[in-house]
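Chains, contacts and geometry: an overview
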2 protein chains.
Amino acid sequence: MARPTPLSGFPEWLPDGRIVEQHVLDTLRRTFELHGFAGIETRAVEPLDQLLRKGETSKEVYVLRRLQEEGEDGGKDSRLGLHFDLTVPFARYVLENAGHLAFPFQRYQIQKVWRGERPQDGRFREFVQADIDVVGAGDLPYHYEVDLPLVMAEALGALRGIGVPEVRILVNNRRVAEGFYRGIGLDDVEAVLRSIDKLDKIGPEKVAALLVAEAGATETQARACLDLAAISGSDATVIDRVRALAASHGVDSELMEQGLSELGQLIEAAAVRAPGVVVADLKIARGLDYYTGSVYETVLVGHEQLGSICSGGRYDTLASDGANTYPGVGLSIGVSRLVSRLISAGLVTATRSVPAAVLVAVANEDTRPASDAVATALRSRGIPVEVAPTAAKFGKQIKHADRRGIPFVWFPGADGPDQVKDIRSGEQVDADAATWAPSDEDRWPRVVPAAG
Amino acid sequence: MARPTPLSGFPEWLPDGRIVEQHVLDTLRRTFELHGFAGIETRAVEPLDQLLRKGETSKEVYVLRRLQEEGEDGGKDSRLGLHFDLTVPFARYVLENAGHLAFPFQRYQIQKVWRGERPQDGRFREFVQADIDVVGAGDLPYHYEVDLPLVMAEALGALRGIGVPEVRILVNNRRVAEGFYRGIGLDDVEAVLRSIDKLDKIGPEKVAALLVAEAGATETQARACLDLAAISGSDATVIDRVRALAASHGVDSELMEQGLSELGQLIEAAAVRAPGVVVADLKIARGLDYYTGSVYETVLVGHEQLGSICSGGRYDTLASDGANTYPGVGLSIGVSRLVSRLISAGLVTATRSVPAAVLVAVANEDTRPASDAVATALRSRGIPVEVAPTAAKFGKQIKHADRRGIPFVWFPGADGPDQVKDIRSGEQVDADAATWAPSDEDRWPRVVPAAG
C-alpha cells in the first residue's frame, strides 16, 4: 500500500481535532437532553424514491449497490441511497414507529450525512449534522416555533467558553413571503423563493434579473420583492415596516397577516428569553419546499461569510401517510463546518491529544506488573492513565508523555514510596495511587480558546 | 408517503432502545479513555481497491456512485465503497497521518460499518462496531497482546451492572496453529484455518472432510488438526498438552514454540489481572488472513450460541507503505449484535424513554412564560426538563408525563409557592426551582437489568 492521500470532501480529524469535535457533540447533546429531547439514530440508507421526494437535492444522492449484487439479489439494493440530511429519515422514522412514540415527540439526532457535491468552498461530501425536531400528531402548537431556535441558541451559546463566536439567528416566516408575493401578483412562489435565496451570493441586481427571467416578475414586482427582502430588525417595528410596504403595493393577504402575527410573537418572546439573539430578516428564504411557517438561519457574528451553520423551519406535510400527518419544526447544525472552521481558523485548541493524565513509568519489564497495578488503582478512581510502552530510560519515557501533552509521570517506588512528577513544572512529590488525584483541570483533556 | 416498513438488516431502535445503546457506548468510551485510548473517526468510504485487499469479504462491500455521476464526474466516485470494518480504515489513517501521530498510538473508534450480506441469523447490513487498537512504528511490544483483551474484558465487565452476562475471552496464537500445521505437513495454512473456523457451525466430521477436500489433508492430518482444535484451558497445562500432541506427530517447529511461549505468557498474565476471563482455545482461527500472532474471540457466558461479540488479533503488515510498517493489535466489539441481544432477550430496560426528569405543567397559555422560567432555572442546575406541550387539564398533563416515564410534574404557583408531584407515589410538596433537585437515581434515565 503506497502512502494514501486524503479524499477531497471527506474530512477526518487528527486526535486533537477529534477532541474538539467530541467536545462540541457532547455539549450539544447535553443541552438537547436538558431540554428533554430523546436521542435517536436512523439507518444511513433510505429507499431512493423517498430521498428523491426533495427534488432539488436529488443530484447529490449517493446510490448504493452490492459489489456482487447482479448474481445474487437481482439488484434490489440499487434502490437504496445514503441519506443527505436527517429530516427526511426522521419523518420516515416517525411514520414507521408512530404507534410506539408519544406525541409531541421531541428528538435530537447526531449523525453523518452524505452529499455527492463538488467539494469546494468548505462544502463536504460527508459531514456530521446535529438536529433537533419536535413533531405532533395531527397538530403542533406554535410555541415550538419559538422554543426550538432558542434551544439551538442555548446549545451554541454553551460553546462560547471554548471560543465559538456569538450566534445570530435570522428568522422569517414562509406565510409572510408567500402572502406578499401572491398579493403583488406573483404566483410561482417557489421560483421567487429560489431567486431570493441567492441574494447573498449574487446581489440584488442579479436577483432582480432572475425574478424577471424565472419567476415571471415585472421590474416593479421584482423591486417589491427586493424591498421586502431588505427589511430586518429585532423588534416589533419590523412587522410595521412589512405592513407599510405591503400596503404601498395594495397587498391585502390573510396569509401574510397570519405570518406577521407569528413572526411578531417569535421576535417578542425571543427578546425576553434570549435578548439580542434572534433577528427577523425577510430575505431568509431556505431553498427547501417543505417549509410552511417559520424558517431559520444562523450565522456566527464576525464570520458571516461562512454562511448559515444552523438552519431549519416549520413543516406541515413532510411526515404524512395519507391518513395521519405529523407536522413538525426543527433545526440542524452543520457540525463539521463549524468544527472545521474552529480548527482551521485557530480559534480553539485541546489541552492534549490523548485522554491520559498520567503516564506510569516502567523501570524494567520485570516490574511492569507493579506499574500496571498503579494504573489500575488510579483508573478505579476515574483517572485516565497510560503505562509506558517499554522500559526505556526514564528520560525517554518522560519524552513520551511530553509529546502527547500528558502532564504527569508516575514512578512506582522500588523500596521507598511512589513518586509523581508534574513534567510542566518539574515538581516531583511522594504519592499514593490510592489517594492522589490530578486537579479537575488536568484530569481530562479540555478544549479551550486558542491563545492569540 | 405510504406507511414505510423496516429494511431487513438495518436495525433502528425506539427511543428507549437507543438509551440502552447510548449507555453501552458511553460505558465503552469511558473505559477506553481511562486506558488512554484516543478517540478518532474515519470517513465512511474507502477506495474500493483498499477494501478489496481482504479477499474474503469483498462480496460484502457496498459500492457508491453519484446518482448523476455520468454527466458530471466521469464516474470517478464509482471507485469508493463503504467500509465493512474499522481496522482497514484505521490502517489507512495511520499511514496517511503517520507524521502527525505519536507511536505507539492507541486509539478507539466507534462507528457504523456496512456489509451487503444476506440479513439472517442476527447478521446486520449496518451495525456499530467499537474498536480498540494500538500500533507501533516498526515494532510493537508483545505486552499489548496481553493488555488489549483485558481492556475489552474491563469494558464489557463495566456493563455487568445493567445485566450483560459475564464474558469469556477465547485466545489462540496464529504461530501455534501455523507451526503445527506445517509441522505435520500441511502447507496451505489458510485453507486449514478456514476449515477449522467452521467447527462450531458444522461440527468435527464435516470439518475433517473439508480439510481433506480443500486443504489437501490426509485422514491422519485432519485428525491431528481436530485434536489440536479440541485443546482448551485456562492454565499452563494447556501449553503442555499442545507440546505433547505436537511431539506425538513428530512436530518440531520454532514458530510453534514462539507461539506457545506467547500464549503461555498471555494466559499467565490474564490469570493474575482478570482471573477466569481468558481461556486458551486452540480452535479459535479467525477467518482473516492478516493476523500473525494472538487471536481473540469473546462469548457471553450462557449465550455462546450468539457467537463472538468481540474479536481481533495481532497483525504485522496491515499498515505498511513499503518503507514503513506499523504492526498492531486490536479487538472489535459488535455493539449492535450485543445491544440487539440485550433488548430482544429482555435482559435490560431503560427507566424511562425520554431524558426529562420533570414536566413543568402549564396552567394556561398566558402563564407559559412562568413555566418556561421554572424549566430554565432547573436546567441551569443540570436537571433535564420538558414543559407541557399545551395548557390541557392537569390530569392530561400528568398523563403526558406518565406515558414517558417522567417521574415529576411541577406546578408553578399562581399565588402560593410552586409544588412538585412525584407521580409514582402521588406525593406533592412545596418546591423552589432554585434549590429543588430529584435524587441522583431519578435525574437521568438509567439502564437497569429487566425484572424477571
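These numbers were taken from a predicted model, which means no experiment stands behind them.

Here we look at the relation of the copies chain A and chain B
Of the transformation superimposing chain A on chain B, the axial component is 0.0 Å and the angular component is 180 degrees, with the fit at an RMSD of 0.1 Å. Accordingly, the operation relating the two chain copies is best matched by a two-fold axis. Judged by C-alpha distance, L64(A) is the residue of chain A that lies nearest the rotation axis, at 2.4 Å. When the interface residues of chain A are mapped onto chain B, 100% of them again fall at the interface, so both copies present the same face.

Brief notes about the environment of G138(B)
Residue and element names in this part refer to chain B. Inspection of the secondary structure assignment puts G138 in the loop between β6 (126-135) and α5 (143-157). Here G138 falls in the exposed class, since its relative accessible area comes to 53%. When the C-alpha atoms of G138 and P104 are compared, they prove to be 9.7 Å apart, with 34 residues separating the residues in sequence. Contacts of G138, omitting those with residues within four sequence positions, involve T325 and P327.

Things to note about the interface of chain A and chain B
Facing the 95 residues of chain A at the interface are 95 residues of chain B. Here chain A packs against chain B, burying approximately 8200 Å² in sum over the two surfaces, 55% of which is carbon and sulfur. Remark: the boundary between chain A and chain B carries ten salt bridges. With its nearest N and O atoms 2.8 Å apart, the salt bridge here joins R92(A) to E12(B).

Digging into helix α8 (residues 199-214) of chain B
All names here are of chain B. The terminal C-alpha atoms of α8 lie 15 Å apart, and with 16 residues this falls more than 12% below the ideal 22 Å at 1.5 Å per residue. By the largest-angle criterion, E205 marks the main kink of α8, which is about 80 degrees. Buried residues along α8 sit against α7 (189-196) and α9 (219-229). Among the residues trailing α8, G216 stands out with phi positive, at a value near 65 degrees.

Looking at the packing of helix α6 (residues 174-183) of chain A against helix α7 (residues 189-196) of chain A
All names here are of chain A. Close contact between α6 and α7 brings their axes to 10 Å; oriented N to C, the two are set at 115 degrees. Taken together, the axes of α6 and α7 are roughly perpendicular relative to one another. As α6 packs across α7, the resulting crossing turns out to be right-handed. Here α6 contributes R174, A177, E178, Y181 and R182 to the contact with α7, which in turn contributes V189, V192, L193 and I196. Tallied by class, residues from the contact of α6 with α7 come to six nonpolar, no polar and three charged.

Examining the pairing of strand β5 (residues 105-114) of chain B
In the case of a regular strand, side chains alternate between the two sheet surfaces. All names here are of chain B. Counting buried positions along β5 yields ten of ten residues, so the element is predominantly enclosed. What you see with β5 is no split at all: F105, R107, Q109, Q111 and V113 on one side and Q106, Y108, I110, K112 and W114 on the other are buried throughout. Examined bridge by bridge, strand β1 (residues 38-39) and β5 share two bridges and lie parallel to one another. Across the sheet, the residue bridging to A38 is R107, located in β5. As paired elements, β5 and β6 share ten bridges and run antiparallel to each other. Each bridged residue has a counterpart across the sheet, and for Y108 the counterpart in β6 is I132.

What to know about the UniProt feature "binding site: L-histidine" (unreviewed entry) in chain A
Residue and element names in this part refer to chain A. UniProt records the feature "binding site: L-histidine" (unreviewed entry) for D85, L86, T87, R115, Q129, D133, R286, Y290 and Y291 in the present numbering. Overall, the relative accessible area of 0% leaves L86 in the buried class. As for its position among the elements, R115 is in the loop between β5 (105-114) and β6 (126-135). Excluding residues that lie within four positions of it along the chain, R115 makes contacts with E60, Y62, F84, D85, F124, R125, F127 and Q129. A distance of 2.9 Å separates a polar side-chain atom of R115 from the backbone oxygen of F84.

Looking at the side chain of R125(B)
Mapped onto the fold, R125(B) is located in the loop between β5 and β6. A polar contact of 3.5 Å, which involves the side chain of R125(B), links it to the side chain of Y62(B).

A few points about the sheet that holds strand β17 (residues 419-422) of chain A
All names here are of chain A. The strand order across the open sheet formed by five strands is β15-β14-β16-β17-β18, and the pairing between neighbours is mixed. Two strands in the sheet have a free side with no partner beyond their single neighbour: β15 (385-387) and β18 (428-430). Each neighbouring strand pair of the sheet contributes to a mean axis angle of 25 degrees, computed without reference to strand direction. Pairing between strand β16 (residues 408-411) and β17: four bridges, direction antiparallel. Its bridge partner lying in β17, W410 is registered against V420. Against the sheet, helix α13 (residues 368-380) makes contact with β14 (358-360), β15 and β16, and its axis sits at roughly 175 degrees relative to β15, the strand it touches most.

Things to note about the sheet that holds β6(B)
All names here are of chain B. One open sheet accounts for nine strands, arranged β1-β5-β6-β12-β11-β10-β7-β9-β8; its pairing is mixed. The sheet terminates laterally at β1 and β8 (232-233), the two strands that pair on one side only. Direction of pairing for strand β7 (residues 167-173) relative to strand β10 (residues 291-300): antiparallel, over a ladder of seven bridges. Within β10, the position partnered with L170 by the bridge is E297.

Focus: the side chain of H400(B)
Structurally, H400(B) is set in helix α14 (residues 394-404). Leave out the neighbours within four places in its chain, and H400(B) touches P104(A), L359(B), E386(B) and P389(B).

Description of the pairing of strand β7 (residues 167-173) of chain A
Residue and element names in this part refer to chain A. Counting buried residues in β7 gives six out of seven residues, a clear majority hidden from the surface. In this sheet, strand β9 (residues 278-281) lies alongside β7 in parallel orientation, the contact comprising three bridges. Bridge assignment links V171 to a residue of β9, and that residue is A280.

Re α7(B)
Residues and elements named next belong to chain B. Taking burial as the measure, the eight residues of α7 include six buried ones, the bulk of the element. Residues of α7 that are buried include every one of V189, A191, V192, L193, S195 and I196, and no others. Buried residues along α7 sit in contact with α6 (174-183), α8 and α9.

Observations concerning unusual backbone geometry
Cis peptide bonds are those with omega within 30 degrees of zero, and the linkage from F103(A) to P104(A) qualifies with -5 degrees. Structurally, P104(A) can be placed in the loop between α4 (87-97) and β5.

Describing the pattern of salt bridges
Under the definition given, this model contains 52 salt bridges over all chains. For the salt bridge of K283(A) with D281(A), the shortest nitrogen-to-oxygen distance reads 2.9 Å. Close ionic contact of E297(B) with R286(B) constitutes a salt bridge, the shortest N to O distance being 2.9 Å. Within this pair, whereas E297(B) is found in strand β10, its partner R286(B) is found in the loop between β9 (278-281) and β10, the two being separated by eleven residues in sequence. The burial state of E297(B) is the same as that of R286(B); both residues are buried. What emerges from the salt-bridge pattern is a single network uniting E12(A), R43(B), E46(B), R92(B) and E96(B).

Re the packing of aromatic side chains
Residue and element names in this part refer to chain A. Within the structure shown, the criterion is met by 19 aromatic pairs over all chains. Among the aromatic residues, ring-to-ring pairing joins Y290, Y291 and Y315 into one connected group. Note that R424 overlies the ring of F408, its terminal NZ or CZ placed 5.5 Å from the centroid.

Quick notes on the confidence of the model for chain A
Residues and elements named next belong to chain A. The pLDDT averaged across chain A works out to 92; a share of 94% of its residues lies at or above 70. The model gives residues 70-78 a pLDDT under 50, and that stretch makes 16 contacts with residues more than four places away or in other chains. Scoring the predicted complex yields pTM 0.95 and, for the interface, ipTM 0.94.

A few points about the environment of V164(B)
All names here are of chain B. Residue position: V164 is located in the loop between α5 and β7. By relative accessible area, which is 1% here, V164 ends up buried. Along the chain, V164 and S336 lie 172 residues apart, while their C-alpha atoms are 14 Å from each other. Excluding residues that lie within four positions of it along the chain, V164 makes contacts with L159, L300, L338 and L342.

Thresholds applied
- Residues numbered from 1 in each chain as written.
- Chains lettered and ligands numbered in written order.
- Predicted model: local features only at pLDDT ≥ 70, side-chain atom pairs only at ≥ 80, totals over all residues.
- Heavy atoms only, no water.
- Least-squares fit on C-alpha atoms with pLDDT ≥ 70 in both.
- Contact = heavy atoms within 4.5 Å.
- Helix = DSSP H or I, 4+ residues; strand = E, 2+ residues; numbered from the N terminus.
- Buried < 20%, exposed > 50% of the residue type's maximum accessible area, 1.4 Å probe, protein only.
- Buried area = accessible area lost by both parts, 1.4 Å probe.
- Salt bridge = Lys/Arg side-chain N within 4 Å of Asp/Glu carboxyl O.
- Expected span 1.5 Å × (residues − 1).
- Bend = angle between axes of the 7 residues up to and from the residue.
- Axes fitted to C-alpha atoms, helices over the stretch in contact; angles between N-to-C directions.
- Parallel < 35°, antiparallel > 145°, perpendicular 65-115°, else oblique.
- Left-handed = near helix turned anticlockwise from the far one by under 90°.
- Nonpolar A, V, L, I, M, F, W, Y, C, P; charged D, E, K, R; others polar.
- Pairing = 2+ DSSP bridges.
- UniProt positions renumbered as here; feature names shortened; annotations may be inferred.
- Polar contact = N/O pair within 3.5 Å; in protein donor to acceptor, adjacent residues only side chain to side chain.
- Phe/Tyr/Trp six-rings, centres within 6.5 Å; stacked < 30°, edge-to-face > 60°.
- Lys NZ or Arg CZ within 6 Å of the ring centre and 35° of its normal.
- pLDDT = per-residue confidence, 0-100.

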